[in-house]
Each structure stands twice: as C-alpha cells, then as structure tokens.
Amino acid sequence: MNCEQVETLLTERARAGHAGAGADALDHLADCPRCAARLSEEQFASAALSAVVAEDAGMAAPAHVEAALLVAFRAQAERATQPGARTAARESAPPLPGWLWPRRAFAALAVAAALALLAVAALRFRLTPQQEPQTAATSAPSQPVAPQPRAASASPAQENKRREESATVKAPVHIARRAVAAGPRAVRRPATRAHEPAMELASVGEMVVVGRAPEAESVSEFVPLVGEGAPPLASGQLVRVELPRSALASLGLPLGPVGAGERIKADVLLGDDGLARAIRLVR
Amino acid sequence: MKASPQTSDEELWRLARAGDEHAFTLLYRRRQGAIYRFAWQMSGSRSVAEDVTQESFMALLGEPERYEPARGPLAAYLYGIARRQVLRRLEKERAFVALAADEGDSAAACAATQPVAPHDPLADCTRRETVAAVRLAVLALPAHYREVVVLCELHELSYAEAAELLACAVGTVRSRLARGRALLSERLRALRHVEAEVEVKRCCA
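Remember, predicted model here, so these are calculated numbers, not experimental data.

Visitor: What should I look at first to understand the overall build of chain A in this one?
Guide: The secondary structure content of chain A amounts to eight helices and five strands. For chain A, the sequential pattern of α-helices and β-strands runs α-α-α-α-α-α-α-β-β-β-α-β-β. Looking at the 283 residues of chain A, the share that counts as buried comes to 25%. Within chain A, contacts between residues separated by at least 24 positions form 74% of all contacts whose residues are at least 6 apart in sequence.

This is the structure we're talking about:
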C-alpha cells in the first residue's frame, strides 16, 4: 500500500481508530513518517471534534424561542377552528379542479404576451406626436409619471453608462397603471417605490397613480397592436410606461436628435383579457 | 393516540397538526437542540442560531403540507430547512465573526465558565481553548465542507443520512468530509503544537 492509497483511508481510520486498519496499511504507517504524521493529525482533529460534541451536548435554544413558537401554534390552531378562516379554508378546500389550471396558465401566458407586444410596439412605433384631445372612449385623463431623480451633475461617462443600463435592463423603468374607470379612486403608492423596475405590469393589485393630468399634455394617436380578429375590448386599463429615449433609439426607432437623454412616456391600453390593444406616446 | 416521549416524530407532528399543543411541544423539545446546534456551529452566531431554529419550526407550522413522511424523517426535513436558512444567511452576510464576541476570548472563557474537572483547572482551560479553536476552524471552512463536517462529525450523522439531507451522493459526502477534515487538521496544527508544549511543561512541573 502506498501513500496515496493510505491518504484516502486516513479519515476513516482516524474516525474508527486503528481497529479498522488493515495490516498492509499499518505496515505502511509504521514505515512512512509522513503518513504517520497525517494520521496523527487526523486523530487529533477527531479528538478535538469530539470535545466540541461533548461541549455542545446540552446546548439548546433559549426559552423565548419555544414561547414564540407556542404563540404561533396557538394562533394557527385558533385560525383553523374559525369557520371561513383562510388557512382552514385552504387546508380543507378540495384541490383546484383540473380545468382551472389551464385557465391560470392561460392568464399567465396572456400577461407574458402583453409584455412581448409592448416590446414589439416599441419597435414598430414611429414617433409622430401631435396635439390631440383625449379619446374619451378609451382613456381617462392622462397622468404624469413622477420624474426619475437624477444626479445634478452626472459626468458624460456616467450618463452613458446609465443609458446603457437603461437600454439593456431597465427599459420599462416606470409603469403607472390605473383602471380606466377607476380614476381618482386608484391607489397611491408610496413614492419610495416609484422608481422600482416596473415589472408590476404582469402583476395584479395596487399600482401607481402619480398626481393629476396636466391639461396641456399631448399625446400621439393610438397605434393598434392587435389585428382585426381580436375579440372586442369590453374593458381594460391604461398603462403608463416610461422609457428612456436612448433605449428606444437603441431599438431602431427614429426619435429625432433632440433630448436623447430624456425619458419617453407611453400609454398602453391593456384589455382585461391581458392583451395589449394599443399604444400611444405622451409628451 | 396520546403524545408521549416515546411517540415518534412523525406521529407527534400528525397530532400537532390536529391541534395537539402538547405533541408540538414534545416535538419541539426533542428536535430544537440539534437544529440550534447545527445553526450555531454553521454560523458561529447565537442570534442566528435562535432565528434559524425559530424560523425552521415556523416554516414547519406555516406550510405543514410540505412535509411528506414518505420522503424521509421529520428530523431530516427540519435539518434541511435549517440548512437552507443558514446558507441563505451566510450568502447574505458572507462571514460571521460573532463567535469571539459571543464567547469572549479564550482566557475569558476559561475564567468565566464552570470547570468540568475541578481538580485540574489547567486541563479544563486547555480543553475549552481547544473547543474554541475548533469552532473557529470549522467556521473558517468553506460552507460545503463545513456542513459535511458539522453533520457527520458534530452531529454524528451517517454518510447516507448526510447525503440525503444535502441531496448529494454518499461518495460526495465522503470526499467532502475527507477534504474538510484535512483543512481542519491544517488549521489545528498550531493548536496541536501548543498543546504538546503545555503537556511537556506539565510533565516537567
């Protein structure tokens, strides 16, 4: 038996003691000082670890942990006994019928498709903004999105870096959504979250309404995003998106040379079925 | 069936799910020590160990349906939760160095703790220093070696149990343990020399 073979057995021998060592291994250990030293080290480590095991044997979590868990247990047990409690209902409710899963999956796909359509719309859109009154049938008064706070004196390098980041990752930086009919009742979200990447498009729940629409906001015409065969729009929501102009330009849109660092707002009409029906730019 | 100390973990948990607080208490008291020790030995922080212990049982309470007895013992399931919690915290904070703060330096530890062998205070102090040094050496191991060393050496799990808990092959556990112990031995080498010198001095005295 050579050193390499003994090395692979050292841990086992140190853990088991010499009782587990074969005669050939013992012969090698007797003849090889290096392997004997390694075994000695391993045995020392075993003894040291055993000391830790003995030291920690009585170790236990403090009493307040048990107390907190018992409080949680009682609360949960109490909820479970209440009729109509959410937990109890969830536990006692039968599993979702098989037909409901495809519908959920379809809803998720619809949201994903809406996001994809947004990207396509950004590619297709040609910016020809014009002054236009609000289209009453499909839109509530437009509302501005809170401006992105920026450093007052960013260097050109910093500005370029910021643009690149915006173009690659954070293209839809701001999304403010409001129900078409909800108007002033829409929920206002804390300003501290207003700058978060706007993945909320795919979610449901509270969204941002920032301020009230200025009277002189100009919008372009809505550009349809769906074909003739799409189901009619029963109801929907207007989604405010804010994109950096540089991001749109990087996608090939002829946005003109002015204000390359600006952010561009757009409204997307999103049906309740998850389909993005139309888009317009806002100035 | 009434919960008793002889009742299996799985049965206790079944009773607890049915609202038996006594069963839950028994289960907690039976398993909390191992979970707490595991978290403490992996993180070196008592506060983390407390949090992980509490959160592990809270996770069990919060999502009782996730534990399936057919897939393994409840103890392994709890270890698994604790392991994920600890690794998440390690990843988040990268390094815990609270061990020294928690335990104080070795001299203070020697002075403050009750001697186990009152007739040989030097041996007791040396043992405590050894324990503290081993703890630090374990904490200095990379996480994937550390968890194997903690589970197999400090919690005395078998290779198969550790492999199931870590979701890896038994051979992986074996090789990680060998490597982890080798690293540990390297770190303990200095301590070993110190202890040898102390032993020589004692013999001379």
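Visitor: What exactly am I supposed to notice about the pairing of strand β5 (residues 276-282) of chain A here?
Guide: Consecutive side chains along a regular strand alternate between the two faces of the sheet. Residue and element names in this part refer to chain A. Summarising burial for β5: seven of the seven residues are buried, a large majority. In the sheet, strand β2 (residues 223-224) pairs with β5 via two bridges, with the strands oriented antiparallel. Residue pairing across strands places Val223 opposite Ile279, the latter belonging to β5. Bridging between strand β4 (residues 263-271) and β5 involves six bridges; their strand directions are antiparallel. Note on β5: the bridge partner recorded for Lys265 is Val282. Hairpin connection between β4 and β5: a loop of four residues separates the two successive antiparallel strands, and Gly274 in this loop has a positive phi of roughly 90 degrees.

Visitor: Just to check I follow, could you spell out the interface of chain A and chain B for this structure?
Guide: When the parts of a complex come together, some accessible area is lost, and that lost area is often used as the size of the interface. The interface is formed by 27 residues belonging to chain A together with 31 residues belonging to chain B. Elements represented by at least two residues in the side of chain A that touches chain B include exactly α3 (33-56) and α4 (63-81) of chain A. Classifying every residue of the side of chain A that touches chain B gives 19 nonpolar, two polar and six charged.

Visitor: I tried to follow the nonpolar core on my own but got confused; where do I start?
Guide: Membership of the largest hydrophobic core comes to 58 residues, with the highest contact counts inside it found for B:Ala39, B:Ala82, B:Val134 and B:Val149. The element contributing the most residues to this core is helix α2 (residues 21-43) of chain B, with 11 residues. Contact partners of B:Val134, with chain neighbours within four places excluded, come to A:Ala48, A:Leu49, A:Ala51, A:Val52 and B:Leu188. A:Leu117, A:Leu238, A:Ala266 and A:Leu270 belong to the second-largest nonpolar core, a separate cluster that totals 18 residues.

Visitor: Is there a simple way to think about unusual backbone geometry in this case?
Guide: Keep in mind that most residues, glycine aside, have a negative phi and that most peptide bonds are trans. Residue and element names in this part refer to chain B. For Glu156, which is not glycine, the phi dihedral falls at a positive 55 degrees. Mapped onto the fold, Glu156 is located in the loop between α8 (143-154) and α9 (159-166). In this model, Ala167 sits at a positive phi of 55 degrees, which is unusual for a non-glycine residue. Its location among the elements puts Ala167 in the loop between α9 and α10 (170-204).

Visitor: Where do I start with the environment of B:Leu26 in this structure?
Guide: All names here are of chain B. Here Leu26 is to be found in helix α2. On the basis of neighbour count, Leu26 is assigned to the buried category, with 20 C-beta atoms found within 10 Å. Taking C-alpha positions, Leu26 is 7.8 Å from Ala3, a pair spaced 23 residues apart along the chain.

Visitor: Looking at this model, I keep getting lost on the packing of α2(B) against α8(B). Mind explaining?
Guide: Think of two packed helices as two axes; the pair is described by the angle between the axes and how far apart they sit. All names here are of chain B. Close contact between α2 and α8 brings their axes to 10 Å; oriented N to C, the two are set at 140 degrees. Judged on the interaxial angle alone, α8 and α2 are oblique. Relative to α8, the crossing made by α2 is right-handed. Along its contact with α2, which presents Phe38, Gln41 and Met42, the element α8 presents Arg146, Glu147, Val150 and Leu154. Taken together, the residues of the contact of α2 with α8 sort by class into four nonpolar, one polar and two charged.

Visitor: How do you make sense of helix α3 (residues 46-62) of chain B when you look at a structure like this?
Guide: Because each turn of an α-helix spans 3.6 residues, side chains separated by three or four positions end up pointing in the same direction. With 17 residues, α3(B) ought to run about 24 Å at 1.5 Å a step, and its terminal C-alpha atoms sit 24 Å apart, in line with that. Looking only at α3(B), the buried set comprises B:Val48, B:Ala49, B:Val52, B:Thr53, B:Gln54, B:Ser56, B:Phe57 and B:Leu60.

Visitor: Looking at this structure, how should I read the confidence of the model for chain B?
Guide: Keep in mind that low pLDDT regions are not for reading the predicted coordinates in detail. All names here are of chain B. For chain B, per-residue confidence averages 83 on the pLDDT scale, and residues scoring 70 or more make up 79% of the total. Residue range residues 100-109 is modelled with pLDDT below 50. Its contacts to residues more than four positions away, or to other chains, number 12 contacts. Scoring the predicted complex yields pTM 0.54 and, for the interface, ipTM 0.79.

Visitor: What's the story with the packing of α2(B) against helix α4 (residues 74-93) of chain B in this structure? I'm lost.
Guide: Residues and elements named next belong to chain B. Packing of α2 against α4 brings their axes to within 10 Å, and their N-to-C directions diverge by 25 degrees. With respect to each other, α2 and α4 are oriented roughly parallel. For the pair α2 and α4, the sense of crossing is right-handed. Of α4, the residues touching α2 (which contributes Arg31, Ile35, Phe38, Ala39, Met42 and Ser43) are Ala75, Leu78, Tyr79, Ala82, Val86, Arg89 and Leu90. In terms of residue class, the contact of α2 with α4 is made up of 10 nonpolar, one polar and two charged.

Visitor: Would you explain the environment of B:Ile81 in this entry?
Guide: Residue and element names in this part refer to chain B. Relative to the helices and strands, Ile81 resides in helix α4. A C-alpha to C-alpha distance of 5.7 Å links Ile81 and Ser56, two positions 25 residues apart in sequence. With residues near it in sequence (within four places) discarded, Ile81 still touches Ser56 and Ala59.

What counts, and where the lines are drawn
Residues numbered from 1 in each chain as written. Chains lettered and ligands numbered in written order. Predicted model: local features only at pLDDT ≥ 70, side-chain atom pairs only at ≥ 80, totals over all residues. Helix = DSSP H or I, 4+ residues; strand = E, 2+ residues; numbered from the N terminus. Buried ≥ 20, exposed ≤ 12 C-beta atoms within 10 Å, placed from the backbone. Contact = placed C-beta atoms within 7 Å. Pairing = 2+ DSSP bridges. Nonpolar A, V, L, I, M, F, W, Y, C, P; charged D, E, K, R; others polar. Core = buried A, V, L, I, M, F, W, Y, C linked by C-beta atoms within 7 Å. Axes fitted to C-alpha atoms, helices over the stretch in contact; angles between N-to-C directions. Parallel < 35°, antiparallel > 145°, perpendicular 65-115°, else oblique. Left-handed = near helix turned anticlockwise from the far one by under 90°. Expected span 1.5 Å × (residues − 1). pLDDT = per-residue confidence, 0-100.

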